[in-house]
Amino acid sequence: MSTAKPGFSPWRFCVAPMMQYTDRHFRYLARIMSVHARLYTEMVACGALLHGDSDRFLKHADFELPVALQIGGSDPHELARAAILGQQAGFCEINLNVGCPSARVNAGQFGASLMANPNLVADCVSAMHAVVDVPVTVKTRIGIDNHDSYTELATFVETIAAAGASVIIVHARKAWLEGLSPRENREIPPLRYDIVRQLKWDFPHLTIVINGGIESIEQASQHVDTVDGVMLGRASYLTPYVLSTVDRDIFGSTKQRLNRFEIFQRYMEYAQREIESGTYLRHLAKPLHYLFHGQPGARQWRRHLSEHCTASSAGIEALATALRWVERAVTPEPMAI
Ligand SMILES: Cc1cc2nc3c(=O)[nH]c(=O)nc-3n(C[C@H](O)[C@H](O)[C@H](O)COP(=O)(O)O)c2cc1C
């Protein structure tokens, strides 16, 4: 099992929960690249976990750990039951989604809309905290709609921290619950890193993780000077190879960084086992789409994966043959020791 590097916060570098992306295959790929990054599942709705195919939502390989299970919901009793399932399944953290602005999510009274009700979030946190040993954490925004003053945010943080959330992950944008799509809510409201830093200043005993608009490991390493950790979302699936520098540049590891081909080979071994146990190739191919981003042949590589790996009958050789498009991709510069 991967562990946090001694001396560093376990949240020092996190890969964000992203629906449709951070499934167990993506996480496996991420873990090949970084031993120390903390990974998150896609958000799982509490009801789906309790009343749906929970095995599917909870499935993961030990190799992926440490992984946090992110849950969406607002019923304290149900969340407590879901948290127990998550802990029993082996997740190292239960994270409550208080940041997603999608209308679908708000109709179910969860996600960012909960920021308007700090006491309810506190009840949810405390119900989960009471029944699991792993940390219960919250991922949130800096505000919603017109509830966007620093005082309101600080009250929110204080209230949920008192209920047992010692780690707060903050997407440094407010969310507009009406009028902006989830995608626009990730782009239009301005980034306010200063507000997240202020939180760390005002709540030094809490672990504060900053998220939003961080595009490179270089930027991430600047943030960890001012807060406890950073969380990378889109950059980790659009340019996944950046994760291969996390252990070196964020955790000071001197271990040799893998090149894209080595990463691919290791992932292929995993994919082979998964195919044998009935996983469709298209699910396994998806995390690989951007592995060669920026390299010669990257577009053809992506097209090959889209065209040859989607049929239910597609076999592992369809992945192997994609490599011919990127033969000229460069290996990384040798690591300075
Ligand atoms: C495709 C996609 C799916 C997302 N799904 C979730 C989710 O399930 N739970 C969550 O808390 N945030 C979700 N987010 C938001 C991200 O976790 C992150 O907060 C946001 O993208 C900002 O970080 P970034 O600028 O590094 O991408 C999602 C974002 C994207 C792009």
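Quick look at the structure, then. (Residues numbered from 1 in each chain as written. Predicted model: local features only at pLDDT ≥ 70, side-chain atom pairs only at ≥ 80, totals over all residues. Heavy atoms only, no water.)

Some remarks on the pattern of salt bridges
- Applying the stated criterion across every chain yields a total of nine salt bridges.
- Residue Lys174 pairs with Asp148 through a salt bridge whose shortest N-O separation is 3.0 Å. Remark: Asp148 occurs in the loop between β6 (136-144) and α7 (150-162) and Lys174 occurs in strand β7 (residues 167-175); sequence separation between them is 26 residues.
- Residue class for Lys174 comes out buried when judged on its relative accessible area of 11%.
- For Asp148, a relative accessible area of 40% corresponds to the partly exposed category.
- Put simply, Arg248 and Asp249 hold a salt bridge, and the shortest N to O gap is 2.8 Å. (Salt bridge = Lys/Arg side-chain N within 4 Å of Asp/Glu carboxyl O. Helix = DSSP H or I, 4+ residues; strand = E, 2+ residues; numbered from the N terminus. Buried < 20%, exposed > 50% of the residue type's maximum accessible area, 1.4 Å probe, protein only.)

As for the layout of surface pockets
- Taken as a whole, the largest pocket spans an internal volume of roughly 1,000 Å³.
- Forming the boundary of the largest pocket are 40 residues, of which Pro17, Met18, Met19, Pro182 and Arg186 lie nearest the centre.
- Looking at the lining of the largest pocket, the elements with two or more residues in it are β3 (44-45), α5 (103-107), β6, β7, β9 (229-232) and α10 (234-238).
- Among the elements that make up the lining of the largest pocket, the one with the highest residue count is α10 (four residues).
- Volume-wise, the second largest pocket comes out at about 680 Å³.
- The wall of the second largest pocket is formed by 21 residues, among which Asp23, Arg24, Glu42, Arg56 and His283 lie closest to the centre.
- Sorting the residues of the lining of the second largest pocket by element identifies α1 (24-33), α3 (54-58) and α13 (281-285) as the ones contributing at least two each.
- For the lining of the second largest pocket, the element with the most residues is α1, which contributes three residues.
- Of the residues in the lining of the second largest pocket, the class split is six nonpolar, seven polar and eight charged.
- Here the lining of the second largest pocket spans two domains, since at least three of its residues come from each of domain 1 (13-249) and domain 2 (260-326). (1 Å grid on protein atoms, 1.4 Å probe; cavity = no way out; pocket = protein on both sides within 12 Å on 5 of 7 lines; lining within 4 Å. Points joined across faces, edges and corners; volume = space filled by probe spheres on them. Nonpolar A, V, L, I, M, F, W, Y, C, P; charged D, E, K, R; others polar. Domains from an automatic or database assignment.)

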